[in-house]
Amino acid sequence: MVVREAEGYVFAAKLMDIRERGCLTIQLNGHTIVFFAYGDDVYAVDNRCPHMGFPLDKGTVHDGILTCHWHHARFDLASGGTFDQWADDVPSFPVDVRGDEVWVDLRQRTDPLEHYRKRLRDGLERNLSLVVAKGVIHLLDGGIPADEPFRIGVEFGAKYRQSGWGQGLTILACMRNLLPHLNREDHSRALFHGLSAVASDSSGAAPRFMVSPLPLESTDIPTLKRWFRQFIEVRDDEGAERCVISAIRAGADDKQMADMMFAAATDHRYIQIGHPLDFTNKAFETLDIIGWEHAELVLSSLTHAYAVADRMEESNAWRHPIDLIEILDQTFEQLPDALETGHSKRNAWGGRNALIPVLLDDDPQAIADSLLNALREGCTEEQLAGVVAYAAALRVARFHTSNDFGDWDTALHTFTFANAVQHGLRRVNSFDLLRGVFDAAMSVYLDRFLNIPAARIPEPTETVDNPAVLLDELEALLNQQQQVNQAAKLVALYLHSGGDADALLAKLGYLLLREDRDFHTIQTIEAAFAQYQLLRGQPEAAHVLIAAARYLAAHSPTVRRQGQVYQIAHRLARGEHLFEDE
C-alpha cells in the first residue's frame, strides 16, 4: 500500500472497504491496526490484545465495547480503555474520514515507560503477577535502572501491609542483592519474583498508617533509643514506631538507627527464630540502595515484628535440659571486660580453625567460653560473627537427608540469622548486636541433631578438563527431586576443577529463579552468596556454596507457575503469538 502522510496522519483504507467488512486489519508503518466501522464512525485500535496478544479483529463489538474472544477482556472501542485491569488499555489511534478515505494518526501519544510504571503499580495493588512481569520487563528493556522498580516495590510494600515489613519485602531485597551475581537476562526475572512476592504479601491487607514524630525534635537520640527498647519490651509497637520516626527527624544517621534497631532486636534471645533481625538487616540494605530519604517509611515498618515476636526465654528448648538463657546472661556480663582485654590485640587473632569444632560440639558452656576467649585474644566482633555464620552454613552443608524434611528450615533460620548479625556488625560496631553472635552460636548448638549422622562434605581428588559442562549437568540434575548429595558433589567437583565461581553463582541464581517463589530457599541462597563473597579465596568458601546447592536441590523442582507467568510476559514483550502452535 502506498502511504500518503499529511499533518501526522497516514492514509489507511477506503471507507467503503471498512464498512463492507465491518472490520479491516491493515499493516501501517510497522503497526498492525484493526479498523472497526461502528455506528456512523470508524475506530482504530492496535490489533494485539494487551493481555496476551490475541488478535482483536477476531473479537466482537457490542454497545461500543470491544470484547476479546480469548479471555474476554473488554475495551471501550473509542478510547481503548479496558474495563478489566488485568488486561491493560489497548492503544487507540485518531481517525479522520476524508470523503471516501480513512486516515489515521499513528503518532505515539503516551510515554511508554511512564505507562509501564503505572502498570507496575496496578499489578502491585491488585496482585496481578502477569501485569507485574510485563511492567518490569518493559521498564528494564527500556533502559530504566533496576533500582527504580525496586524502589516502587519497597514503597508499596512498606505502605500497604498493616503489619509492616514481612516476607515479601525481604524476598524483594534478597532479589536485589542477587542482581550483581546474575546474568543480565535474569535481572527482570529476579525483580519479578521479588515484586510479585510483595504484591502477594500485601494482598487483602489494610494499609499501614504511620504515626507522626514527637512535637519537639530536641529529644536526644540516646533517650529515644532507651524509650524505643522500653516500648518493645512491653510489646507497644505504636510507641516504638513514634520513637523511630522521631529519632530520624531529630537527625539520627544510618549508624545510630542501626544501633537502635539492632539493640531492640537482640534484647531478647533469637526472637521469632531470627526473622526480625534478618528483616532489619534487609531493611538497611534496602536503604543503601533507595536512599536515606525513605528511612522513616522503611524503618518504622519493622517495629511490629519486634513487638509481637516470640522470645526464646519462653522456649523449652532454650531452657531445658540446659538453661541456655542463664549461660548467655552470665556471658553477657563478661562481655565488656573481654572486649577491653582484647582491644590491644586486634587483628592478630588466628584461632578460627580451633573455634569451629567447639561451635559444632555438644557443650554450650564451652561454646560461650570459647567465644569470650576469642574476644579476649583480639578477635573482632565482625570476625567472631563470621566464624559463627560459617558454622551455621556447615549445619546446612552436613544436613543428613534422613532428617525430617521440615528440619531444613531449622538449619536455614540459624544460618540466615547468623549472616544478618555479621552484616549488621559490619554496618555498625554495636555492643548490643554482639549478643546476637552468641544467640546464633546457641542456635548452632541446638541444631546439632541435624548432623547426626552428618552428611559428608565432598572432597574431590580428581578434576575434569571442562568444568563448565558440570553446570549443565547441575541444571538437569535439579529437574529431579531430592538430588541433594549429587548436587553437592557436582558443585565441589566444579570448584575443585577450577570452574569460574561467578558462572556458578549465576547458574545457582538462575536455578533459584526458575522455581516457584519460596521464602526460605531465597533467603538461603542470598545469604550463601553474601557469605561466599566474604570468604572468597578461602577453602571455606566452597563449603558455603555446597550448602546452598544442597538446600536448593532439596527444594527442587516445583510446579514453576511463576516461571510460566514470566515466560508469557517475556514472549509478549518480544511480540510473539501465544495463541499459535509453536
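Worth saying up front: this structure is predicted, and the values here are computed from it rather than measured.

### As for the nonpolar core
Moving on, step 1. Residues Phe228, Met257, Leu299, Leu384 and Phe438 are the most contacted members of the largest nonpolar core, which totals 167 residues.
Moving on, step 2. In terms of residue count, helix H16 (residues 381–397) provides more of this core than any other element does, twelve residues in total.
Moving on, step 3. In terms of nonpolar packing, the next biggest core, distinct from the first, is built from 16 residues, Ala12, Ile18, Ile33 and Val104 among them.

### Quick notes on the environment of Leu446
Moving on, step 1. With respect to the helices and strands, Leu446 occurs in helix H18 (residues 431–446).
Moving on, step 2. With a relative accessible area of 18%, Leu446 lands in the buried category.
Moving on, step 3. Taking the C-alpha atoms as reference, Leu446 lies 8.9 Å from Pro364; in sequence the two are 82 residues apart.
Moving on, step 4. Discounting chain neighbours no more than four positions away, the residues touching Leu446 are Ala317, Trp318 and Leu324.

### Brief notes about the pattern of salt bridges
Close approach of charged atoms allows side chains with opposite charge to pair.
Moving on, step 1. In total, this model carries 40 salt bridges according to the counting rule given.
Moving on, step 2. The residue Arg98 makes a salt bridge to Asp96 at a minimum N-O spacing of 2.7 Å.
Moving on, step 3. Accessibility expressed as a relative area gives 26% for Arg98, which makes it partly exposed.
Moving on, step 4. Note on Asp96: relative accessible area 27%, which makes it partly exposed.
Moving on, step 5. Ionic pairing is found between Lys282 and Glu526, a salt bridge with its closest N-O pair at 3.2 Å. You can see Lys282 sitting in helix H10 (residues 275–290) and its partner Glu526 sitting in helix H22 (residues 519–535), a full 244 residues away along the chain.
Moving on, step 6. Linked by salt bridges that have partners in common, Asp88, Lys118, Arg119, Asp122, Glu125 and Arg126 make up one network.

### A few points about unusual backbone geometry
Glycine aside, residues mostly have negative phi, and peptide bonds are mostly found in the trans state.
Moving on, step 1. In this structure, Pro321 follows His320 across a cis peptide bond, with omega equal to 0°.
Moving on, step 2. Residue Pro453 is reached from Ile452 by a cis peptide bond, and omega for that bond is -5°.
Moving on, step 3. Mapping Pro453 onto the fold places it in the loop between H18 and helix H19 (468–477).
Moving on, step 4. You will see that Gln272, though not glycine, has its phi angle at about 45°, which is positive.
Moving on, step 5. Topologically, Gln272 is positioned in the loop between helix H9 (254–265) and H10.
Moving on, step 6. The class of Gln272 is partly exposed, set by a relative accessible area of 30%.

### Things to note about the packing of aromatic side chains
Moving on, step 1. For the coordinates displayed, the defined rule picks out twelve aromatic pairs.
Moving on, step 2. Measuring from centroid to centroid gives 6.0 Å for Phe11 and Trp103, while their planes differ by 70°, and the two rings are edge-to-face. In this pair, Phe11 is assigned in strand S2 (residues 9–14) and Trp103 in strand S11 (residues 101–105), connecting sequence segments 92 residues apart.
Moving on, step 3. You can call Trp103 buried: its relative accessible area is 5%.
Moving on, step 4. Centroid distance Phe332 to Phe438: 6.0 Å. Interplanar angle 90°. Geometry classified as edge-to-face. Highlighted residues: Phe332 in helix H13 (residues 324–342) and Phe438 in helix H18, separated in sequence by 106 residues. Residues Phe332 and Phe438 agree in their burial class; the two are buried.
Moving on, step 5. One aromatic cluster is present, built from ring pairs that chain together Tyr270, Trp318 and Phe417.

### Some points on the sheet that holds strand S8 (residues 74–76)
Moving on, step 1. Strand order in this open sheet of three strands is S6-S7-S8, and the pairing throughout is antiparallel. Single-partner strands in this sheet number two, and they are strand S6 (60–62) and S8. With strand direction ignored, the average angle separating the axes of adjacent strands in the sheet is 30°.
Moving on, step 2. Two strands pair when backbone bridges link them, and strand S7 (residues 65–67) and S8 are joined in this way by three bridges, in the antiparallel orientation. Its bridge partner being in S8, Ile65 is matched across the sheet by Asp76.

What counts, and at which threshold
Residues numbered from 1 in each chain as written. Predicted model: local features only at pLDDT ≥ 70, side-chain atom pairs only at ≥ 80, totals over all residues. Heavy atoms only, no water. Core = buried A, V, L, I, M, F, W, Y, C linked by side-chain atoms within 4.5 Å. Buried < 20%, exposed > 50% of the residue type's maximum accessible area, 1.4 Å probe, protein only. Helix = DSSP H or I, 4+ residues; strand = E, 2+ residues; numbered from the N terminus. Contact = heavy atoms within 4.5 Å. Salt bridge = Lys/Arg side-chain N within 4 Å of Asp/Glu carboxyl O. Phe/Tyr/Trp six-rings, centres within 6.5 Å; stacked < 30°, edge-to-face > 60°. Pairing = 2+ DSSP bridges. Axes fitted to C-alpha atoms, helices over the stretch in contact; angles between N-to-C directions.

These results come straight from atomic positions and should not be treated as a statement about function.
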